[in-house]
Amino acid sequence: MNPIRVTEVHLGDEEEKLVLEVLRSGHLAQGPVVARLEAGFCDLVGTAHAVAVSSGTAALQLGLRAAGIGRGVEVITSPFTFVATLSAILDVGATARFADVGDDLCVDPGSVAGLVNDHTAAILPVHLFGLPADLPALERIAQAHRLRLVEDAAQAHGAVVADRAAGSWDIGCFSLYATKNVTTGEGGVVTTDDDDVADRLRLLRNQGMRERYRYEVVGTNARLTDLQAAVGVAQMGRLPAYAAARAANAARLLDGLAGTPGLALPSVPAGRTHAWHQFTVRVLPDARLDRTALAAALAADGVETGVYYPRLAWKYACFAEHPGVVPDPTPKAAAAAAQVLSLPVHPHLTGGDLDRVVDAVRRHLG
Ligand SMILES: *Cc1c(COP(=O)(O)O)cnc(C)c1O
C-alpha cells in the first residue's frame, strides 16, 4: 500500500504558467509579482500593508526590528514552537521569556500577564499547528502595558479569531516555506496596519535603502524574488479550496478518532478558526502504546506521522546557555512536547487515506 505522507505539496499548471511568465520577462528579482503576492496577503489578512521577505524567520527578525525591539528589552513567547521564534528574538538582541501554554498549546494569557515587567516590550504568540492563540486576551494585556503584539503566524494562513484574521492584530509574521499552507519554497510575509512599521520593513529588507544609494538604516537583503512570488500567487489562489479540504479532513479525523483510549484530540475554542496546518493529537500516559511505539506501528502501516516539536525550543545547549534566554518554568508545555504526534491532514488525502489513518490509530490504541 502506498504510504500516506504527513505533508504533500502539489504544484500545477497555474504555478508553471506564472513562473514561465517571470522567466520570460527576464526580471527575476523583487518586482511586480512580489507586489501581487503582497496584495493577496493584504486581502487575506485585511491589513493595509504586507511586506514580502525571504523567509518566515526573516519576517520575525525584521518584524521585531521594525517595531524597535532589540537590546535591553524582553519578549514573552511560547517555549513550544519551531526554533525560529526563539532565534529571531535572540537575533535582534532581546531577551526571551517563556509563558506556559494552555490546552490550545498556544501561550496562556494568564501566564503571559504574570511575566510582564518594566523590561517587557512585546508579546510574541505562536499560532501553533494553525490554531490562533487567544488574541483578544493577549491584545488586552498588550494595550494595558503598551506592548507590541508580534504574531508568529507561520502556520496560520487564513486562521481567524473573533472575526479578525491571524496576522492582523499588530504585526503578523507568515512563512512561505515548502511545507506551509501557502508556499514559495522559501519566503515570508509581514502584515501590519502600522504605516511606520511597514515603511521600516521595506527599508530593512532592502539594505536600508530609501532610494538608490540613500541608506537610512542598517538593513539587510531579505528580499523575495518574483520567481518565488509567482509560485506564491498561484498558491494563494488555491488557499480557499485547500483550507476547506484541511478543515473537512480534520472533521473526519475528529469524528473517526473520538473516544480512542489514551488519545487526546485537538479542539478549537469558540470564536477561533483553525488553519489545520497540522492535526496534532496527544498520546497520553495511559495509552496502550507510547508515542514512539505508536509512531513506529503507524509507519509500518504506511501512515507517516511527525513530532512537532520533541523538545521546548530553548532545551538545547546553544539556547539554554545563551544570555538572552531565561529558563522560565513551563510544565504544561514540557508535558505537551512529550506527548504530541501529528497525523496527516493535508488537502491531498482521499477519504480512503483518512479511513486508513483512523483505522490504524484505533487498532493500535483500542
Ligand atoms: C516555519 C516556521 C517558522 C520559520 O519560517 P521559515 O520560513 O522556515 O524561516 C517560524 N515559526 C514557526 C512556528 C514555523 O512553523
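As a reminder, the structure under discussion sits directly above these lines.
Report on the accompanying structure.

About the cut-offs
Residues numbered from 1 in each chain as written. Predicted model: local features only at pLDDT ≥ 70, side-chain atom pairs only at ≥ 80, totals over all residues. Heavy atoms only, no water. Helix = DSSP H or I, 4+ residues; strand = E, 2+ residues; numbered from the N terminus. Expected span 1.5 Å × (residues − 1). Buried < 20%, exposed > 50% of the residue type's maximum accessible area, 1.4 Å probe, protein only. Contact = heavy atoms within 4.5 Å. Phe/Tyr/Trp six-rings, centres within 6.5 Å; stacked < 30°, edge-to-face > 60°. Lys NZ or Arg CZ within 6 Å of the ring centre and 35° of its normal. Pairing = 2+ DSSP bridges. Axes fitted to C-alpha atoms, helices over the stretch in contact; angles between N-to-C directions. Salt bridge = Lys/Arg side-chain N within 4 Å of Asp/Glu carboxyl O. Near = heavy atom within 4 Å. Polar contact = N/O pair within 3.5 Å; in protein donor to acceptor, adjacent residues only side chain to side chain. Areas by Shrake-Rupley, 256 points an atom, 1.4 Å probe, with all protein chains shown as cover. Nonpolar A, V, L, I, M, F, W, Y, C, P; charged D, E, K, R; others polar.

## Description of helix α12 (residues 351–365)
Because an α-helix packs 3.6 residues into every turn, residues spaced three or four apart end up facing the same way.
So, point 1. Taking 1.5 Å of rise per residue, 15 residues should cover 21 Å, and α12 covers 21 Å from first to last C-alpha, within 8% of that figure.
So, point 2. Among the residues of α12, those classed as buried are Asp-353, Leu-354, Arg-356, Val-357, Val-358, Ala-360, Val-361, His-364 and Leu-365.
So, point 3. Of the surrounding secondary structure, the elements contacted by the buried residues of α12 are α8 (226–257), β12 (263–264), α9 (291–300) and β15 (340–343).

## With respect to the packing of aromatic side chains
So, point 1. Inspection of every chain in the model, using the stated rule, returns six aromatic pairs.
So, point 2. Look at Phe-98 and Trp-314: their rings are 6.2 Å apart centre to centre, the planes differ by 25°, and that puts the pair in the stacked class. Here Phe-98, found in strand β3 (residues 95–98), pairs with Trp-314, found in the loop between α9 and α10 (317–320); they are 216 residues apart in sequence, far enough to count as distant. Assigned by exposure class, Phe-98 and Trp-314 land together as buried.
So, point 3. Aromatic side chains Trp-276 and Phe-279 sit 5.5 Å apart centroid to centroid with 25° between the ring planes, which places their arrangement in the stacked category.
So, point 4. Among the aromatic side chains, those forming a connected cluster through ring pairs are Phe-82, Tyr-308 and Tyr-309.
So, point 5. Here Arg-164 stacks its cationic end above the ring of Trp-169, 3.7 Å away from the centre of that ring.

## A closer look at the sheet that holds β12
So, point 1. One open sheet holds the three strands; their spatial order is β12-β14-β15, and the pairing between them is antiparallel. The two strands at the open ends of the sheet, each matched to only one other strand, are β12 and β15.
So, point 2. In terms of strand pairing, β12 meets strand β14 (residues 279–283) through two bridges, oriented antiparallel. Bridge pairing in β14 links Leu-263 to Val-283.
So, point 3. Packing against the sheet, helix α11 (residues 331–339) makes contact with β14 and β15, and its axis sits at approximately 100° to β14.

## Side note on the pattern of salt bridges
So, point 1. Summed over all chains, the structure comprises 16 salt bridges.
So, point 2. Put simply, Arg-238 and Glu-15 hold a salt bridge, and the shortest N to O gap is 2.6 Å. A residue pair is termed long-range when its members are at least 10 positions apart, and Arg-238 in helix α8 and Glu-15 in helix α1 (residues 13–25) qualify at 223 residues.
So, point 3. We note a salt bridge from Arg-148 to Asp-170, for which the minimum N-O separation is 2.9 Å. With Arg-148 in strand β5 (residues 148–152) and Asp-170 in the loop between β7 (164–165) and β8 (171–175), the pair connects residues that are 22 residues apart, well separated along the chain.

## Some remarks on the sheet that holds strand β1 (residues 49–53)
So, point 1. If you trace the seven strands from one edge of the open sheet to the other, you get β1-β9-β8-β5-β4-β2-β3, paired in mixed fashion. Edge strands, defined here as strands with exactly one partner in the open sheet, are β1 and β3. With strand direction ignored, the average angle separating the axes of adjacent strands in the sheet is 25°.
So, point 2. Across four bridges, strand β2 (residues 74–77) lies against strand β4 (residues 120–124) in parallel orientation. Residue pairing across strands places Val-75 opposite Ala-122, the latter belonging to β4.
So, point 3. Contacting β1, β4, β5, β8 and β9 (188–192), helix α3 (residues 56–66) runs over the sheet at an angle of about 165° to β8.
So, point 4. Contacting β4 and β5, helix α6 (residues 135–145) crosses the sheet at an angle of about 150° to β5.

## Some words on the site of the ligand
So, point 1. Close contacts around the ligand come from 17 residues, with Gly-56, Thr-57, Gln-155, Ser-175 and Lys-180 the closest.
So, point 2. In the model, an oxygen atom of the ligand is placed 2.8 Å from a nitrogen or oxygen of the Gln-155 side chain.
So, point 3. Against a free-state accessible area of 380 Å², the protein chains account for coverage of 93% of the ligand.
So, point 4. Those elements giving two or more residues to the shell around the ligand turn out to be α3 and α4 (83–91).
So, point 5. For the shell around the ligand, the element with the highest residue contribution is α3, accounting for three residues.
So, point 6. By residue class, the composition of the shell around the ligand is seven nonpolar, eight polar and two charged.

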